Structure formats: structure tokens, C-alpha cells
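Residue-level listing of the chains:
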2 protein chains.
Amino acid sequence: MTDDRPLLPILGGRPVERSDAARNRVAILEAAQRLIARDGIDAVTMDAVAAEAGVGKGTVFRRFDSRQGLMAALLDHSESAWQAAILFGPPPLGPDADPMERLLAFGPSRLETTLANLDLIRHATGGPSGRSQPPYVFAVSHLRHLLEQLGVRGDLPLLATALMAPFEVHVLEQQTRRDGFTVERIKAGWIDLVRRIVRD
Amino acid sequence: MTDDRPLLPILGGRPVERSDAARNRVAILEAAQRLIARDGIDAVTMDAVAAEAGVGKGTVFRRFDSRQGLMAALLDHSESAWQAAILFGPPPLGPDADPMERLLAFGPSRLETTLANLDLIRHATGGPSGRSQPPYVFAVSHLRHLLEQLGVRGDLPLLATALMAPFEVHVLEQQTRRDGFTVERIKAGWIDLVRRIVRD
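Looking at an unreviewed UniProt entry, one finds chain A named TetR/AcrR family transcriptional regulator and attributed to Nocardioides jishulii.

Pasting the structure below:
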């Protein structure tokens, strides 16, 4: 997942696969997800994934190159689903809701997605690297669009950046794992931040 | 530079050194700073630093372990000076200014420090890792203190986090190196963000 890869179209980024290869790919990703859900991320070895998916270990390596590559593919899979929910999904995230409703739904949804993916982000990127993090550019561009629809004056890309701050991986790790902030507290703080930022 | 190291007292974190060792350390750090200023960060090899400081290469390795260790020490040196300016320095950053004056001075100062250290941060940490970044915990705690003095209601640590967003390394790299934002634009955007956040 490089920084220069266009984020849209989100679902067309992969080369066309033969259907049995595509089936294998999905089977392996789903096996890895089951393993993570059941035993945690450390249980996800290439061997364990191959066994769970019912394919050979060589197939897993051919498709994903390395454990880190598999983690990156899992992260990509999750983030693509999140982007699709924003672009094409039902209200309140999707385009049929009004801009304020979408904005208020954005934060909790981004928070939950990042929290669910924290371990994956670490394993996929070898660290909380900002560059390889979840779709930051997509998120900022979406927030900017909503702020514009809401008629907010000011430097919208910079205000959008401030709205993304609570979802930085290192911030969330600090707040949830060390400072003991609850998810509800972070959500409430984000709603308050939105309220402050959208007023002119 | 680990995450669990107490950030205060900022200037007492190093073990006591014999004075010749301390002189060597400072001479090496200053030599590295001169090399960076003159030839850029890629010119900083352990050999070049030893030659510039007039010490043996072995001394540089004994003091700093590796090029990455030397970069981390340089970053630490710069960040300690910045923290000292906030804690003990003259107005508008230091404690003799009123809280709003300090807050308005904080952003440009943090922006300039991070921009000056961007290459160093990459080389010191092997990436824009949030965990090893400039003193995030110190900065958030200082901002929280100023917001409290200003009588801002709301979840102050979370609001402080939003004020730090424009200074995330990956955000600054995106905005200054790819999107072409000027430093003046980022400063102005930050002042506007402050204005929005301190209103209740």
C-alpha cells in the first residue's frame, strides 16, 4: 500500500484475477480474519492461515508474499469496505444523508474502524507509520467536502486535518491503552470538536 | 528515545558524564549540526562527523552507537531546547506571557521546529513513527494547561489533540511537500483553529 496509489476507484485497484485465483485470495483473507477473531493477531502465521483456508502454504506466499503482505491486504480489505460505506452506503454515512448527519456519523465510524484495525496497522506497516496508515487522504478529502457543503468558512483542508487528529494511531493508542479513555469519551469529544469547528 | 521515558525533567534525563566525555558529546553533536546545515542530512556519515568534530570514528560510535542513534540524539537536543523555551523561556512562548499569547505563539514555534527536524525525524526513527515523534505528550499536556487557564470548557486533552493535528509529521509532509501549502498558510490555519476551539 503505497502513498501514491490513487485511492479512487477504491474497488478497482487490483489487477483482474482469474476467478479461481480470486476465490483463493478471498478464502485466504477470510481464513486470516477468522484466525484473528478467534485467537488474536499473533496466531496468524502463514502456516495457520494456509491450514485454515485449506490451501498450500506456497499458495499463501505466492498471493501475499509475506506475513506483512497478508496483513496489508487484510487492512486494505477493511479500509475499502469503509470507504465504500461512505461513498455508496446507506445513511447516515452514505450520500443520502444530509451533510451534518454524515459528518456526525463519520467520527464514530472512523474511530471504530481504526480501533478494530490497530493491531493490523502495526503488523501491516511495521509501525504506526503515518504514510501507510488508513486512507488519510480519502478521509480528509471527504471531511473537506462535508465542511464545504455545510458552508464552513476557513481553510477547509486544515480544519479537516484537525477533525482527523483523534483517529491518529499513536493518539488512539495513547488514549485508549495508556490514559484509559473510553471509546464513548473519544466519541463525545469528537462531536464537541465538530461543533466548535463548524461554527464560523 | 522510548515512549516511556519521562519527559520531565527534560534536561536531566542523561546520566552524569565526566566533563571530557560531555565535551566530546557536545562537539560531536555540533559537528553533525554543522554538516547538516552545510551539506544536508545525507552528508552525515559517522566518518564525516568524526572528521568534522576532530575525534576518532570509534569515539562517535561509542557515544552514539549508530548513525540512527546520533540522529536520535540530535533530535533530542533540538526538542529539549524547544521544551526549555516553553517552560523557562521569554514571552511569548514562556511562562511570563498570558495564556492566549502563549497559545498563539505555540503553533508557529511547533511548526517551525517540526519542519526543521523533518529529515532528522525520519532518520532518527526509521520512519514517521508517531511513537518516537517529537514530544507529543509534553505538547498535549502544555496545550491542555493553556486551554484550562483560558477557561475553555470541554474535554481538554481531546481538544489539545486536535490542536496538534497540523504538526503531525505525515500531515506536514503531505501539505508542504505534496500539496504545496506554504508555511504562512499553515500558521494562519492554525490560528483560525485556535479561535474556533477556544470559544465555548
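Here the narrative resumes.
Caption draft 1: Representation of unusual backbone geometry. Residue and element names in this part refer to chain A. Following Pro91, the chain continues into Pro92 via a peptide bond in cis, with omega recorded as 5°. Inspection of the secondary structure assignment puts Pro92 in the loop between helix H4 (67-88) and helix H5 (99-125). Non-glycine residue Asp65 carries a positive phi angle of around 75°. With respect to the helices and strands, the residue Asp65 is situated in the loop between helix H3 (57-64) and H4.

Caption draft 2: Broad picture of the packing of H5(A) against helix H6 (residues 136-149) of chain A. All names here are of chain A. At a closest axis distance of 9 Å, the pairing of H5 and H6 adopts a crossing angle of 145°. Crossing of H5 against H6: the hand is left-handed. Where H5 abuts H6, its residues Pro99, Arg102, Leu103 and Phe106 lie against Ala139, His142, Leu143, Leu146, Leu147 and Gln149. Of the residues that constitute the contact of H5 with H6, the class distribution is 7 nonpolar, 2 polar and 1 charged.

Caption draft 3: Representation of the UniProt feature "domain: HTH tetR-type" (unreviewed entry) in chain A in the model. In the numbering used here, UniProt assigns the "domain: HTH tetR-type" (unreviewed entry) feature to residues 22-82 of chain A. In this annotation, residues 22-82 of chain A is assigned 82% helix and 0% strand; the end-to-end C-alpha distance for the span is 21 Å.

Caption draft 4: A look at the relation of the copies chain A and chain B. Screw-axis analysis of chain A against chain B gives a translation of 0.0 Å along the axis, an RMSD of 0.0 Å, and a rotation angle of 180°. Between the two chains, the operation in question is that of a two-fold axis. Comparing interface residues between copies, 100% of those in chain A also lie at the interface in chain B; the contact surface is shared.

Caption draft 5: Structural detail: the confidence of the model for chain A. All names here are of chain A. For chain A, per-residue confidence averages 86 on the pLDDT scale, and residues scoring 70 or more make up 87% of the total. Residue range residues 128-132 is modelled with pLDDT below 50. Its contacts to residues more than four positions away, or to other chains, number 18 contacts. Across the interfaces of the predicted complex, the ipTM metric reaches 0.79, alongside a pTM of 0.81.

Caption draft 6: Looking closely at the interface of chain A and chain B. With 37 residues of chain A in contact, the opposing surface of chain B contributes 37 residues. In this assembly, chain A packs against chain B so that about 3000 Å² is buried in total across both faces, 54% of it on carbon and sulfur atoms. On the chain A side of the contact with chain B, Leu158(A), His170(A) and Arg196(A) bury the most area, a combined 22% of that side's loss. Linking chain A with chain B are 2 salt bridges. For the salt bridge of Asp155(A) with Arg185(B), the shortest nitrogen-to-oxygen distance reads 2.7 Å. Of all the elements in the fold, those that place two or more residues in the side of chain A that touches chain B are H6, helix H7 (156-164), helix H8 (169-178) and helix H9 (183-198) of chain A. Here the side of chain A that touches chain B is built from residues that sort into 15 nonpolar, 8 polar and 14 charged.

So, how was this worked out
- Residues numbered from 1 in each chain as written.
- Chains lettered and ligands numbered in written order.
- Predicted model: local features only at pLDDT ≥ 70, side-chain atom pairs only at ≥ 80, totals over all residues.
- Heavy atoms only, no water.
- Helix = DSSP H or I, 4+ residues; strand = E, 2+ residues; numbered from the N terminus.
- Axes fitted to C-alpha atoms, helices over the stretch in contact; angles between N-to-C directions.
- Left-handed = near helix turned anticlockwise from the far one by under 90°.
- Contact = heavy atoms within 4.5 Å.
- Nonpolar A, V, L, I, M, F, W, Y, C, P; charged D, E, K, R; others polar.
- UniProt positions renumbered as here; feature names shortened; annotations may be inferred.
- Least-squares fit on C-alpha atoms with pLDDT ≥ 70 in both.
- pLDDT = per-residue confidence, 0-100.
- Buried area = accessible area lost by both parts, 1.4 Å probe.
- Salt bridge = Lys/Arg side-chain N within 4 Å of Asp/Glu carboxyl O.

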